[in-house]
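# Structural features, examined
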Amino acid sequence: MAKEQGTKLIAQNKKARHDYHIEDTWEAGIVLQGTEVKSLRQGRASLVDGFAEIDNGEAWLLQVHIPEYSQGTWTNHASRRKRKLLLNRHEIDKIEKKVTDKGYTLVPLSLYFKDGRAKVEIALAKGKKSFDKRHALAERQANREKEQAVQRRLKGFKD
């Protein structure tokens, strides 16, 4: 069987970028059971409620929903089980030091296959206030309108 090359995106947590200020990101491997891998290969996963934590020097991914494999039997996995993340010791220590600061959390941003191995991108994040979210939306809207005005001018239309 040929080895897989490249990346295949399975799930993204778009809401995390809206709800949090992203400080730093890491790529981590995940310890999975066989039916979880098969379910992920079908593109079925949800990162919406997911978060990560450091417990006794180990990184864990919690509340990530990987549905049961449809052709699985009694060996099927629990859909929201605790999954171990594979990171280097110095990365775990660095993350643990930052997470102990007030207001920081670890959130998964994306879940994907890289060269045939399941990976998750986790981010050190700080929650946004509601006025920050409104400000970001207004800024994005202003940039969009500015780009549209430039395009109209380039095409020869007048304002």
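Parameters and conventions
- Residue indices follow the written sequence of each chain, beginning from 1 at its first position.
- Local features in this predicted model are restricted to residues of pLDDT 70 or higher, and side-chain atom pairs are both shown and tallied only at a pLDDT of 80 or more, whereas totals for entire chains, interfaces and linings draw on every residue.
- Values reported for side chains reflect all heavy atoms of the structure, with hydrogen atoms and water molecules removed beforehand.
- UniProt positions are given in the numbering used here, feature names are shortened, and annotations may be inferred rather than shown by experiment.
- Here the term buried applies to any residue with accessible area under 20% of the maximum for its type, exposed to any over 50%, and partly exposed to those in between, with areas from a 1.4 Å probe on protein chains only.
- The numbering of helices and of strands both runs from the N terminus, where a helix is a DSSP run of H or I of at least 4 residues and a strand a run of E of at least 2.
- Each direction from the helix axis to a C-beta atom contributes to the arc, which is the arc of those directions.
- Should any heavy atoms of two residues lie within 4.5 Å, those residues are counted as being in contact.

In the annotation of an unreviewed UniProt entry, the entry for the protein reads SsrA-binding protein, and the organism field reads Nocardioides malaquae. Among the UniProt annotations of the protein, the heading Subcellular location (unreviewed entry) holds the following wording: "Cytoplasm". The UniProt entry for the protein carries the following comment under Sequence similarities (unreviewed entry): "Belongs to the SmpB family."

Among the residues making up helix α2 (residues 34–41), those that are buried are Thr35, Glu36, Ser39 and Leu40. What you see down the axis of α2 is that its buried residues fit within an arc of 140 degrees, all on one side. Among the residues trailing α2, Gly43 stands out with phi positive, at a value near 85 degrees.

Within the span of helix α3 (residues 89–99), buried status applies to Glu91, Ile92 and Ile95. All buried residues of α3 project into a common sector of 95 degrees when viewed along the axis, lining one side. Exposed side of α3, more than 90 degrees from the buried face: His90 and Lys97 are the residues found there. Where α3 is buried, its residues contact β2 (20–30), β3 (51–55), β4 (58–62), β6 (104–114) and β7 (117–127).

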